[in-house]
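Architecture at a glance
Here's the letter readout for the chains.
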Amino acid sequence: MSQTNSGKQSQASEAKKAISLPISRVRLIMKSSPDVSSINQDALFLTTKATELFVQHLALTSFNNRSQTEANTLDYSDLAKTAEESDTFHFLTDILPKKILAQDYLKSLEQMQDEDSDF
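Here the structure is a predicted model, which means the values were calculated and not measured.

Within the element layout of this structure, Thr82 appears in helix α4 (residues 76-85). Of the residues examined, Thr82 reaches a relative accessible area of 3% and is grouped as buried. Residues contacting Thr82, with those up to four places away along its chain left out, are Leu58, Thr61, Ser62, Asn65 and Phe89.

The next point concerns a nonpolar patch on the surface. A cluster of nonpolar residues, Phe54, Val55 and Phe91, forms a patch on the protein surface that exposes about 280 Å² of accessible area. Among the secondary structure elements, Val55 is positioned in helix α3 (residues 41-64). By relative accessible area, which is 46% here, Val55 ends up partly exposed.

Along the polypeptide, Arg66 turns up in the loop between α3 and α4. Of the buried charged residues, Arg66 lacks a salt bridge, with Asp78 as the closest side chain of opposite charge at 5.6 Å. A polar side-chain atom of Arg66 sits 2.7 Å from the main-chain carbonyl oxygen of Phe63. Apart from the residues lying within four places of it in its own chain, the contact partners of Arg66 are Ala71, Asn72, Thr73 and Asp78.

Enumeration according to the criterion identifies 2 salt bridges in this entry. A salt bridge links Lys49 to Glu52; the nearest nitrogen and oxygen atoms lie 3.5 Å apart. Placement of both Lys49 and Glu52 in helix α3 is noted, with a separation of 3 residues, approximately one turn of the helix. Looking at Glu52, the relative accessible area reads 14%, which means it is buried. One salt bridge in this structure joins Lys98 and Glu84, with 4.0 Å as the shortest N-O distance. Of this pair, Lys98 sits in the loop between α4 and α5 (102-118) while Glu84 sits in helix α4, and the two are 14 residues apart along the sequence. Classification of Lys98 as partly exposed rests on a relative accessible area of 48%.

So, on to the packing of α3 against α4. Contact geometry for α3 and α4: axes closest at 9 Å, N-to-C directions at 100°. Between α3 and α4, the crossing angle belongs to the class labelled roughly perpendicular. Touching Leu58, Thr61 and Ser62 of α3 are Asp78, Leu79 and Thr82, all from α4. Taken together, the residues of the contact of α3 with α4 sort by class into 2 nonpolar, 3 polar and 1 charged.

Calculation rules
Residues numbered from 1 in each chain as written. Predicted model: local features only at pLDDT ≥ 70, side-chain atom pairs only at ≥ 80, totals over all residues. Heavy atoms only, no water. Helix = DSSP H or I, 4+ residues; strand = E, 2+ residues; numbered from the N terminus. Buried < 20%, exposed > 50% of the residue type's maximum accessible area, 1.4 Å probe, protein only. Contact = heavy atoms within 4.5 Å. Patch = residues over 30% accessible without salt bridge, like charges linked within 9 Å, V, L, I, M, F, W, Y side chains within 5 Å. Areas by Shrake-Rupley, 256 points an atom, 1.4 Å probe, with all protein chains shown as cover. Salt bridge = Lys/Arg side-chain N within 4 Å of Asp/Glu carboxyl O. Lys, Arg positive; Asp, Glu negative; His and termini not counted. Polar contact = N/O pair within 3.5 Å; in protein donor to acceptor, adjacent residues only side chain to side chain. Axes fitted to C-alpha atoms, helices over the stretch in contact; angles between N-to-C directions. Parallel < 35°, antiparallel > 145°, perpendicular 65-115°, else oblique. Nonpolar A, V, L, I, M, F, W, Y, C, P; charged D, E, K, R; others polar.

Keep in mind these numbers describe shape, not what the thing actually does.
What follows is the structure in structure tokens.
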């Protein structure tokens, strides 16, 4: 019985080493939801691992689709481009919008106001 228990403990410690994100931060984010009262350790581990894999997939996809301006670098613009162009990551377009200069935004805002006043 003690060997089985120690085997489970060693598996749990190996599983914790297999993730890079801090579990305490993921727990804090999960607990910030008013619908969550308690968090099972297995659910916490799986959520942390799934988040890690998602971020890895986003980064790899963005890296493969990046502009070749600099070798071996990944910029915010690469992530925003991936979010905009990929159906898989399209839900991130509000979180990762393309950067726009303030003067360009003001020009587009003026154009929109001019169009609205024409009606």
